[in-house]
Amino acid sequence: MRLRQRTLVILLVTAASLVAATSGLSQFVLGRSFTELERQHVEQDVSRTLDAIKEASDDVHGKSIDWSEWDDTYKFMADKNPAYIESNLSTVSLEIDAILYVGADGKLFYSRSLDRIPGTKSPDAAAVYRQLRFDRPLAERPGKGRAACGIIEHQGALTAFSVRPIMTTAGTGPARGWIVFVRYFDGAFLGAVSRQVHLPLRLLPGDRARLSESDTKALDGLEGHAGRFVAPIDEFNIAGYTLVKDVFGKNVRILKIIEPRSIYLQGQRSTSFLTEQLAVVAFAFTLVTLFALEASVLRRLTKLTQEVDEITDETDVRIRVGVTGQDEITSLSSKINSLLESLGRTHESLKDSEDKLRQSHDGLERKILERTEDLRRLNESLQFAVEGIAIFDSEGKCVKVNSAFERILGFESGEMTSDQWNIAFDPSQQAKVRVGFLEACSHGKAEFEAEARTKSGDRIFVEIVLVASGHGNGQQGFTHVFMKDITDRKVLELELERQAFQDNVTRLPNRLLFLDRLNHGIQMLRRKTSGLCVMFLDLDNFKVVNDSLGHDAGDTILVEVAARLQDCVRPGDTVARWGGDEFVLLLEDLPDADSALHVVHRIAERLRAPIRFEESEIYVSASIGIRHTDSGDTTTPALLRDADTAMYHAKGSGKSTFAMFEPSMNMRAVERLEIETGLRQALVNDEFEIVYQPLIGLAKGEIQGVEALLRWRHPSKGLIPPGLFIPIAEETGSIISIGAWVLEQACRQVKTWQSVLGLPDLGVSVNLSGKQLQRPDIVETVSDVLHKTGLEPRHLKLEITESVLIENVEEANVKLVALRDLGVLLAIDDFGTGYSSMASLGNFPLDTVKIDRSFVSQLDSETKAVPIISAILMLSEAMNLDVTAEGLESLGQVEQLRDMGCTTGQGYHLAKPMSAEDFARYVQDQGSAAA
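## Structural notes on the environment of Pro694
Here comes step 1: As for its position among the elements, Pro694 is in strand 22 (residues 688–697).
Here comes step 2: Distance from Pro694 to Val764, taken between C-alpha atoms, is 9.2 Å for residues 70 residues apart in sequence.

Quick look at the structure:
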């Protein structure tokens, strides 16, 4: 064995050296590649975020066109009609902060500031007028007399503006001046941008003196890196920077985003995986080499050792070793067999003695079993009754008791006396027993429950039935006492009562008890002048903890947060668990809202400390909504609604903060509610419509399919953008019915076109939401639609976004495989927006990758998108996936993508979304042009 060990050590040292050298080389090569890919990825996210901010000025610009080309405005610039101001400018609701009217002579004609953001100073019209250089020659103004939009810094805040010449409704002139729309970039807007791009962002001042050391270095880097700069913060996070310029080209802000270093960490994991695989290969090589080097002597020696070990464990000593040959091992085998034969003869002699001993043992065992059975039957016959029975005379002395009665009270047989019976009950319970005895003497019987103490001091609950006999007419009667231990039942009743008003995890009051205390607090508020406060608290990103560390970690956090919240309030205040990761606090006798803020600051400070779970440290934060009132006219539902609204406002402002309820919050909630309510009736009222955007082959320009896009034409609000109502439909679940309607209508329409337009291979792409994919019957639903419409499965392509796939990879993959088995095609939409790596494509049964429009839009101006698109195309080709580029807006983009190998495109340059009727005409026009 020593020879084998030495051989094994030499092979392991050689393999370890090989693994170490290869691992070092792979870390150097792969590490640089992943670092470069990470930098390109962050720069793309910076560009996406900057584009989202710039879209705000486009939004303001889009709203100003209706006012600039309007006969009423045109007339107003001539006569400054007060009726125009009263009917239009007093109730403006365009999400803007100021409107300016500038005459054709370049002088400020009229202005109106709108207090859209409470607590924010309204724009100074004269200052805006000067900033846009209306007091200078026409050549120096934005747009030089034409329509223009952009960004300026006004009163220390980023501000979007739109300038348009004032024309008639027919678009004729001459222009009577300009109309200017102004809107601040408030916190709600920046929060919306952050949610749109799925990234936390900050807008830093452009002044070096106000920047941190790291941000100052970033500014230096921006000046030398064409407006983009990327720098790691630590091992797990990386920051990207870019400059935000105003309409005159001045740097007014530095845009900063921070995101996890997922690509870098993926590179580290890939390198580690490669090293592990090399180690496995080296270990396998060592084993194979060791087996190859084994000589016949080692194998035979091992076999001899195994046979000897088997003999050691074997009761039949007649077994023999079977190693053969012509060497010393064979001689050793023969000697072992001789020794075994000698042991066999000894074993036979011992076996006779063992048989005699076994016979004696069996007889003794039968006698013990018989005696045990006799004792068991005797024990059963001696069992006493479960119910305790006692007899008391007319003086209340115990005459006789059974063993069950004594056992219930914890006494030995014959030990209990009348005094011991009395002291088993507390004074209050003794009074109940005396009343029971009097009632039994008067009516013959009494029943009641009581609390007693056993001899050892344990508390028990008993049910007592008293039956009196022989009392009255001067006779000395007796009272029979029947007593049963009902402790288990009473404990269960108390536990059920506790569960009805207490949360099982945190032991805090539950929702039912909190509502009762809040109702009582409102009643007390009507009798005195002091106020009360309701706080709604929601833990941020709590689902991440449950999904990553499990529900045990989640319960640990809830229990610890509950304890910390109780430490932050007074003894008379109420902290309750509302449900899930939500808590509610009731602070009574609170004179003003400022007192509530002290409590909020204490909560934030207490939550800042990490919570330990096993080997992990977990940091939690919360979004808090505050509603204070000193009016007794309020109601419980109103207080809870307002606190909940404030909490959601805080969460929408970036989480880990608080918000005091304001009436304006209800206005936003009402607007959302109007959309949510309208969604519930839109499908019934036939307000939805589907438009179809062709998918065009980039080589020959032929139609390769269409994508079905949903539009909502509201009867009073007009056309509502999908980006506004789709997220609400997702949250409320109405997307399920809407999505099913879109799927069926699109399949039916394409089936009709295949025969009417002579396009038998025409296919349709339909977006599948995350809510639809989560439903257990999604495969059945798609199958039913195909059956009803008659469309072949290969003509239907379902598009799923990256974010939907990564929410639950395993469940999503099971659903996609089942859909693929139907024959349906699958596409990943908006690929490259930052949710997943390109390598993750192999985890799903996909047919098509759609390159996100954010990459395509940069082809005309930047070259950084080229390597990313090239990588996507190369990977897709290697995996046999089709590629479609979204958002093609120019001929240059089409030609560049075609040269890079992209086969299919979609965008306004190729064909706009159109109605079913327009698409039919479009196909006919295409056919005529081809002929």
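## A short note on the pattern of salt bridges
Here comes step 1: Under the criterion given, the structure shown has 37 salt bridges.
Here comes step 2: Between Arg253 and Glu153 there is a salt bridge whose closest N-O contact spans 2.5 Å. Of the two residues, Arg253 is situated in strand 9 (residues 251–260) and Glu153 in strand 3 (residues 148–154); the sequence distance between them amounts to 100 residues.
Here comes step 3: By relative accessible area, Glu153 is classed as partly exposed at 29%.

## Topic: helix 28 (residues 891–900)
Here comes step 1: Among the residues of helix 28, those classed as buried are Gln893, Val894 and Leu897. Here the buried residues of helix 28 occupy an arc of 100° about the axis, which is enough to place them on one side.
Here comes step 2: In this structure, the buried side of helix 28 is in contact with helix 26 (853–856), helix 27 (865–878) and strand 29 (882–886).
Here comes step 3: Positive phi appears at Gly901, one or two residues downstream of helix 28, with a value of about 105°.

## Notes on helix 25 (residues 809–822)
Here comes step 1: Compared with an ideal rise of 1.5 Å per residue, which puts 14 residues at 20 Å, helix 25 spans 20 Å between its outermost C-alpha atoms and is within 8% of the ideal.
Here comes step 2: Buried within helix 25 are the following residues: Ala812, Lys815, Leu816 and Leu819. For helix 25, the arc enclosing every buried residue in end-on projection is 100°, short of the 170-degree limit, so these residues lie on one face. More than 90 degrees from the buried face of helix 25, the exposed residues found are Glu810, Val814 and Asp821.
Here comes step 3: In the stretch just after helix 25, Gly823 is the one whose phi turns positive, near 105°.

## Concerning the nonpolar core
Here comes step 1: Counting residues in each nonpolar core, the largest one holds 73 residues, and the members touching the most others are Leu796 and Leu798.
Here comes step 2: Counting residues per element, this core draws most heavily on helix 21 (residues 735–756), at eight residues.
Here comes step 3: Discounting chain neighbours no more than four positions away, the residues touching Leu796 are Leu743, Cys747, Val764, Val766, Val782, Leu786, Leu791, Val824 and Leu825.
Here comes step 4: Residues Leu50, Trp67, Ile96 and Ile151 belong to the second largest nonpolar core, which totals 37 residues.

## A look at the sheet that holds strand 14 (residues 478–485)
Here comes step 1: Across the sheet, five strands lie side by side as 11-10-14-13-12; this open sheet has antiparallel pairing. Of all the strands in the sheet, the pair left with one neighbour each is strand 11 (398–401) and strand 12 (445–453). Within the sheet, the average angular offset between the axes of one strand and its neighbour, ignoring direction, is 25°.
Here comes step 2: The strands that helix 12 (residues 427–443) touches are strand 10 (388–393), strand 12, strand 13 (459–469) and strand 14; relative to strand 12, the one it contacts most, it runs at about 165°.
Here comes step 3: Those strands touched by helix 13 (residues 487–501) are strand 12, strand 13 and strand 14, and its axis lies near 125° from that of strand 13.

## Considerations on unusual backbone geometry
Here comes step 1: Backbone geometry at Arg133 places phi at a positive 65°, although glycine is not the residue there.
Here comes step 2: Positioned with a positive phi, Asp589 is a non-glycine residue whose angle comes to about 55°.
Here comes step 3: By secondary structure assignment, the location of Asp589 is in the loop between strand 17 (582–587) and helix 17 (593–607).
Here comes step 4: According to the relative accessible area criterion, Asp589 is partly exposed, its value standing at 42%.

How each quantity is defined
Residues numbered from 1 in each chain as written. Predicted model: local features only at pLDDT ≥ 70, side-chain atom pairs only at ≥ 80, totals over all residues. Heavy atoms only, no water. Helix = DSSP H or I, 4+ residues; strand = E, 2+ residues; numbered from the N terminus. Salt bridge = Lys/Arg side-chain N within 4 Å of Asp/Glu carboxyl O. Buried < 20%, exposed > 50% of the residue type's maximum accessible area, 1.4 Å probe, protein only. Arc of directions from axis to C-beta. Contact = heavy atoms within 4.5 Å. Expected span 1.5 Å × (residues − 1). Core = buried A, V, L, I, M, F, W, Y, C linked by side-chain atoms within 4.5 Å. Pairing = 2+ DSSP bridges. Axes fitted to C-alpha atoms, helices over the stretch in contact; angles between N-to-C directions.

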